[in-house]
Amino acid sequence: MKREEALAIVRKQLKEQRYVHTVGVMETAIELAKLYGADVQKAELAAIFHDYAKFRTKEEMKRIIVEQQMPQDLLAYSPELWHAPVGAYLVQTEVGIQDEEILQAIRYHTSGRPNMTLLEKIVYIADYIEPNRSFPGVDEVRALAREHLDQALFRALQNTIQFLMDKREPIYPDTFHTYNDIAKKIKGGFIVTERDILRIAVKAADEKKAENIVALNMKGISLVADYFMICHGNSDKQVQAIAREIKEKAEEHDVVVKRVEGFDEARWILVDLGDVVVHVFHKEDREYYNLERLWGDAPLEQIESDLRA
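Everything numeric here is computed off the predicted structure, so don't read it as measured data.

S.K.: Summarise the layout of surface pockets; cite the residues concerned and give the values.
M.R.: By volume, the largest pocket amounts to about 920 Å³. Surrounding the largest pocket, 26 residues form its lining, Thr110, Tyr128, Thr160, Phe163 and Leu164 being those nearest its centre. Counting only elements with at least two residues in the lining of the largest pocket, the list comes to helix 7 (118-129) and helix 9 (149-166). With 4 residues, the top contributor of residues to the lining of the largest pocket is helix 9.

S.K.: Give a detailed account of the nonpolar core, specifying residues and quantitative values.
M.R.: One finds Phe49, Val86, Val91, Ile122 and Ile125 to be the most contacted residues of the largest nonpolar core, which totals 60 residues. For this core, the leading source of residues is helix 2 (residues 16-36), giving 10 residues. If we ignore the near neighbours within four places in the chain, the residues touching Phe49 are Met1, Ala6, Ile9, Val10, Val91, Val95, Ile97 and Ile106.

S.K.: Summarise the pattern of salt bridges; cite the residues concerned and give the values.
M.R.: Under the counting rule described, the total for this entry stands at 29 salt bridges. Between Glu80 and Lys54 there is a salt bridge, and its shortest N-O distance comes to 3.0 Å. Residue Glu80 is found in the loop between helix 4 (58-67) and helix 5 (83-95), and its partner Lys54 is found in the loop between helix 3 (40-49) and helix 4; the two are separated by 26 residues along the sequence. Note that Asp127 and Arg133 form a salt bridge whose closest N and O atoms lie 3.1 Å from each other. For Arg133, a relative accessible area of 26% translates into the label partly exposed.

S.K.: Could you give me a rundown of the pairing of strand 2 (residues 227-233), with the residues and numbers involved?
M.R.: Within strand 2, 7 of the 7 residues are buried, leaving the element largely enclosed by the surrounding structure. Side chains Tyr227, Met229, Cys231 and Gly233 of strand 2 all project onto a buried face; the interleaved residues Phe228, Ile230 and His232 project onto the opposite face, where all are buried too. Here strand 1 (residues 211-217) pairs with strand 2 via 5 bridges, running antiparallel. Within the sheet, the bridge partner assigned to Ala215 lies in strand 2 and is Met229. Direction of pairing for strand 2 relative to strand 5 (residues 276-282): parallel, over a ladder of 7 bridges. Looking at strand 5, one finds that Cys231 is bridged to Val280.

S.K.: Tell me what's going on with the sheet that holds strand 4 (residues 268-272), and back it up with residues and numbers.
M.R.: On the basis of which strands lie adjacent, the open sheet formed by 5 strands has the order 1-2-5-4-3 and mixed pairing. Because the sheet does not close on itself, it has two edges, and the strands there are strand 1 and strand 3 (259-261). Pairwise comparison of adjacent strand axes, ignoring direction, gives a mean angle of 15 degrees for this sheet. As defined by bridge partners, strand 3 adjoins strand 4 across 3 bridges and the pair is classed as antiparallel. Paired with Glu261 across the two strands is Leu270, which belongs to strand 4. Contacting strand 1, strand 2 and strand 5, helix 11 (residues 194-207) runs over the sheet at an angle of about 5 degrees to strand 2.

About the criteria used
- Residues numbered from 1 in each chain as written.
- Predicted model: local features only at pLDDT ≥ 70, side-chain atom pairs only at ≥ 80, totals over all residues.
- Heavy atoms only, no water.
- 1 Å grid on protein atoms, 1.4 Å probe; cavity = no way out; pocket = protein on both sides within 12 Å on 5 of 7 lines; lining within 4 Å.
- Points joined across faces, edges and corners; volume = space filled by probe spheres on them.
- Helix = DSSP H or I, 4+ residues; strand = E, 2+ residues; numbered from the N terminus.
- Core = buried A, V, L, I, M, F, W, Y, C linked by side-chain atoms within 4.5 Å.
- Buried < 20%, exposed > 50% of the residue type's maximum accessible area, 1.4 Å probe, protein only.
- Contact = heavy atoms within 4.5 Å.
- Salt bridge = Lys/Arg side-chain N within 4 Å of Asp/Glu carboxyl O.
- Pairing = 2+ DSSP bridges.
- Axes fitted to C-alpha atoms, helices over the stretch in contact; angles between N-to-C directions.

See the structure below:
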């Protein structure tokens, strides 16, 4: 479904202010999807339809929750939660969208859930930080979202729970479970995923003016790592400086550096960060070994946003 068609459908369901909010969520979700390597079209559609049921009556939403055997504990909590699961159902039955990833992102955009998918996190955060939002703490989450999506999610959940506690409102259990799930993954105040590790390595290499930085998505291709990052320098000294900076920045973020090979020779330095393996070449050696051709089946990971302007 094209954007214009989707927006036309949802506009009929929303008040003007909520439609403006939806456009903001859509634009933010697209930006985050590009930044974190998610499916941009799915993020776009999930964001457009996330509030599809927002203005359905409480009676209709309650009836759908009961008839469709959705979690009945929803009825014991704020009706503000209901439009998310009801919306997923209506988007499927009325609009005809059958993609389960999109429907799940709509379903959990108010409560969250443990082990959220990347798409679900993106829609949740986009809904929280879109440009028309203005409330205490939103700017901090906006900044975090460009650096650490999970850290942004953690802070958004913290803010939401604290807000409800201050109002003495009950908190839906899934929101607590989501918070606990994310909290358990935090180390040193930041959640470091394989994509975060790649971002750390890319930025570190870029700081030392590494040339032609490329990231290959090796998921499903190699058992060694999720990502290979490849770059080169033009002298032994620069090659070593790049590798050293990557190692030091990784350690600053509590990323375990499993091994560093080839540092003294400075022709091909391998920095093993677990889920990310970095190959820092001397220019001539990169051309000779040509790992990009060797792993030609691996798709390129988008890293432009991690590079200096």
